[in-house]
Amino acid sequence: MRRLIFIIIVILSGSTVFCQQSESSLNKNILKITPFKILDLSNPAIEMKYERKTSAHFSTQLMVSYIISNSLANLGDNFSPNNRGYRFALEERFYFMKPSPKGIYFSLEFNYLSIDYNAIMNFGESNIYDSLYLNTNYSDSISISKQTYSLNVKIGCQFHIKRFTLDVYGGLGLRYKDVTHYDRINPEDEMEMPRHPNFYYYKNLDGKQWTISIPLNVSIGYSF
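Trainee: A description of the overall build of the chain should follow, citing residues and the corresponding values.
Mentor: Helices and strands together make up the secondary structure of the chain, namely two helices and ten strands. Here the contacts in the chain between residues at least 6 apart in sequence split such that 67% fall between residues at least 24 apart.

So, in structure tokens, the structure goes:
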């Protein structure tokens, strides 16, 4: 009888260790997609991420995006920006409430974007144009080449449902932009500044400048 009890204890102990090992290794790697990126009005893309647990509370994530020619939200428009480019990011995460990669986390992300696309913008003679009173302004179809370098601080929460994950995050960062215009009617003219804040004006403004970055999205993943 004692021998039987001893055997049962050994079997149960071995099963417990096996389950703990399976649980610890289950979420060591996560492969993700960001489905809403194909609806992005600025830089629509097919985006994939790979996150790997590196210690009890840390993980490292690599992101790669392929910029698609047009956002699904703009398929009804006659004009196509014909986007061409890519983006990649490297992110280090710290999970401070639960072992990585579960629960709430803080992270630091470096993000690089390279893209070429077309746009229709309004221009006018430098230093004298006025969209309210003069008739010197005109529309021009141009080509734009852009590179950006961003450093973001993010906070998020990663939920696990068996092998599936849901990663919700937001953040704030600093971005350096290098934008160049090509194929303009007159490169000496200036872009017409809108009377009201306009996202596309600041997105397409040529030159080198610093701005803010606001990463915000949801990723769906599978752990293995």
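Trainee: Lay out the environment of Ser139 in plain terms, naming residues and giving numbers.
Mentor: Note on placement: Ser139 falls in strand S6 (residues 138-161). For the pair formed by Ser139 and Gly124, sequence separation is 15 residues and the distance between their alpha carbons is 8.9 Å. Once you skip the residues sitting within four places of it in the chain, Ser139 turns out to touch Ile120, Met121, Asn122 and Ile185. A distance of 2.7 Å separates the side chain of Ser139 from the side chain of Asn122, its partner in a polar contact.

Trainee: Any details on the pairing of strand S5 (residues 103-124)? Residues and values, ideally.
Mentor: By the bridge criterion, twelve bridges tie strand S4 (residues 84-95) to S5 in an arrangement that is antiparallel. Bridge pairing links Arg87 to Leu113 in S5. With 21 bridges connecting them, S5 and S6 associate as antiparallel partners. Its bridge partner being in S6, Ser107 is matched across the sheet by Lys154.

Trainee: Run through the nonpolar core, naming residues and quoting values.
Mentor: Of all hydrophobic cores here, the largest spans 14 residues; its most connected members are Met121, Ile144 and Met191. For this core, the secondary-structure elements that each account for two or more residues are S5 and S6. By residue number, the principal contributor to this core is S5, which donates six residues.

Trainee: An account of the side chain of Asn217 is requested, with residue identities and associated values reported.
Mentor: Note that Asn217 resides in strand S10 (residues 216-223). Sequence-distant contacts of Asn217, defined by excluding residues within four places in its chain, comprise Thr34, Phe36, Lys37, Asp167, Val168 and Tyr169.

Trainee: Provide a residue-level description of the confidence of the model for the chain, including the pertinent values.
Mentor: The predicted model of the chain averages 84 in pLDDT, with 81% of residues at 70 or higher. Predicted confidence is poor over residues 4-25, with pLDDT under 50, and the contacts of this stretch with residues over four places away or in other chains come to two contacts.

The rules behind these values
- Residues numbered from 1 in each chain as written.
- Predicted model: local features only at pLDDT ≥ 70, side-chain atom pairs only at ≥ 80, totals over all residues.
- Heavy atoms only, no water.
- Helix = DSSP H or I, 4+ residues; strand = E, 2+ residues; numbered from the N terminus.
- Contact = heavy atoms within 4.5 Å.
- Polar contact = N/O pair within 3.5 Å; in protein donor to acceptor, adjacent residues only side chain to side chain.
- Pairing = 2+ DSSP bridges.
- Core = buried A, V, L, I, M, F, W, Y, C linked by side-chain atoms within 4.5 Å.
- Buried < 20%, exposed > 50% of the residue type's maximum accessible area, 1.4 Å probe, protein only.
- pLDDT = per-residue confidence, 0-100.

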